[in-house]
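Now for the letters of each chain:
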Amino acid sequence: MSVLEIDHLAVDLPVEGVLRRVLHDVTLPIAPGEAVGLVGESGAGKSMVSRAVIRLLPEGAAVHGDIRYAGDSVLAMGRPALRHFRTHDVAMIFQDPRAHINPVRTVGDFLVEALVERGERRESATTTVTALLASVGVSDPERRFRQFPHELSGGLLQRVMIAAALAVSPTLLLADEPTTALDVTTQSDVMVILDARRRERGLAMLFVTHDLELAAAVCDRIAVLYAGLLIEDVPTGDLRRDLRHPYTAGLLASRPDPVSPRRRLAAIPGRPLSAFEIGPGCPFAPRCPFAVARCLSERPELRDLDTGRVACHRAEELRGQLLSIATPGAASA
Ligand SMILES: Nc1ncnc2c1ncn2[C@@H]1O[C@H](COP(=O)(O)OP(=O)(O)OP(=O)(O)O)[C@@H](O)[C@H]1O
Ligand code: SF4
Ligand SMILES: [Mg+2]
């Protein structure tokens, strides 16, 4: 059984009084202890998926489909059940820790609060979070405890947020671009810690990122979102070995520029569409080098293909050909 089942999720958000679709029919199960990377370009809807899971969507959002945690509908939860879900079962780590921590309270108060709210005594909560800070690589945790958020670097603060997430002993971690705001070295240090603590605790994780390589390094499966649609879901082991979707192949080709590693090579021509802009066909058709007439008129369903799922009319015939896109030079090698 899945710990989380995102079931035909569609989301509309109000823009100038009119509802606009930002997610179309996303179905994504996550098994206990499994890490799923949700990848895609900016605006694809990745954050909307993770926020929908804890019902933190912008006001006025219309949500269709269902999201189940351990079999219970999150969307149907009343206030007490939702509160229990958010404080015991799921924890979220955001891109910008400073936006999610009270700047006028100490790091210690922030960390202890969550446990005290759950009924733990302050003294034992303090011991728990001090040990957690050490486990996420925060040296001299007693001193950090007394500091305010502005006294900590971004990398240190993100470690505090990871400690806060682990403190509630969740079953499911939602991490939305947790290292994107950090410099490259800190990014990898924080990622190693997050990955290690998640694995030793057997936590399931939805890891949201625009960085396919990073997702592949820490996740068991990769789900690819494009214009609010899930277009592929593949075990990480098959990602490079057995390419099935032209967009995923293009993302893999978008490697960091070795001269300027933060800049990604523009391997996919054209701009990504927003969910509300797509026509009746394949949302990737305007940018796809393999598009045929059917692609413009008929939207490909996400369907099972061997070990994963793929939404491409030509997935079977393109298998084997896509490697040359993802690894330029491979064809001639
Ligand atoms: N509050 C809002 N009201 C209306 N539309 C919104 C709102 N927030 C986001 N959107 C739109 O919803 C779509 C999905 O946004 P989302 O933030 O989920 O993208 P994302 O994949 O997380 O992108 P990024 O990588 O930039 O974080 C985008 O088209 C965005 O413009
Ligand atoms: S369905 Fe057509 S346009 Fe879409 S990815 Fe496949 S080949 Fe390209
Ligand atoms: Mg986002």
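Attention here is on the structure that accompanies the text. Source: prediction; values computed, not measured.

1. A word on the nonpolar core
Buried together is how nonpolar side chains tend to be arranged in soluble globular proteins.
Part 1 of the reasoning: Ranked by size, the top nonpolar core spans 72 residues in total, and within it Leu173, Phe207, Ile222 and Tyr247 carry the most contacts.
Part 2 of the reasoning: Top element by residues in this core is helix 6 (residues 154-167). It accounts for nine residues.
Part 3 of the reasoning: Of all hydrophobic cores here, the second largest spans 36 residues; its members include Val3, Leu57, Phe85 and Leu174.

2. Overview of the packing of helix 3 (residues 107-117) against helix 6
Part 1 of the reasoning: Taken N-terminus to C-terminus, the directions of helix 3 and helix 6 make an angle of 15°; their axes are 9 Å apart at the nearest point. Classified by the interaxial angle, the pair formed by helix 3 and helix 6 is roughly parallel. Crossing geometry of helix 3 relative to helix 6 is assigned as right-handed. In this structure, helix 3 contributes Val107, Phe110, Leu111 and Leu115 to the contact, and helix 6 contributes Val160, Met161, Ala163, Ala164 and Ala167.
Part 2 of the reasoning: Looking at the contact of helix 3 with helix 6 residue by residue, the class counts come to nine nonpolar, no polar and no charged.

3. Focus on the packing of aromatic side chains
Part 1 of the reasoning: Counted according to the given criterion, the structure contains four aromatic pairs.
Part 2 of the reasoning: Aromatic side chains Tyr226 and Tyr247 sit 4.6 Å apart centroid to centroid with 65° between the ring planes, which places their arrangement in the edge-to-face category. Here Tyr226, found in strand 9 (residues 221-226), pairs with Tyr247, found in helix 10 (residues 246-253); they are 21 residues apart in sequence, far enough to count as distant.
Part 3 of the reasoning: Here Tyr226 falls in the buried class, since its relative accessible area comes to 2%.
Part 4 of the reasoning: For Tyr247, a relative accessible area of 0% puts it in the buried group.
Part 5 of the reasoning: The structure contains a cluster of three or more aromatic residues connected by ring pairs, namely Tyr226, Tyr247 and Phe284.
Part 6 of the reasoning: It is Arg20 that lies over the ring of Phe276; its NZ or CZ is 3.8 Å from the centre.

Criteria and cut-off values
- Residues numbered from 1 in each chain as written.
- Chains lettered and ligands numbered in written order.
- Predicted model: local features only at pLDDT ≥ 70, side-chain atom pairs only at ≥ 80, totals over all residues.
- Heavy atoms only, no water.
- Core = buried A, V, L, I, M, F, W, Y, C linked by side-chain atoms within 4.5 Å.
- Buried < 20%, exposed > 50% of the residue type's maximum accessible area, 1.4 Å probe, protein only.
- Helix = DSSP H or I, 4+ residues; strand = E, 2+ residues; numbered from the N terminus.
- Axes fitted to C-alpha atoms, helices over the stretch in contact; angles between N-to-C directions.
- Parallel < 35°, antiparallel > 145°, perpendicular 65-115°, else oblique.
- Left-handed = near helix turned anticlockwise from the far one by under 90°.
- Contact = heavy atoms within 4.5 Å.
- Nonpolar A, V, L, I, M, F, W, Y, C, P; charged D, E, K, R; others polar.
- Phe/Tyr/Trp six-rings, centres within 6.5 Å; stacked < 30°, edge-to-face > 60°.
- Lys NZ or Arg CZ within 6 Å of the ring centre and 35° of its normal.

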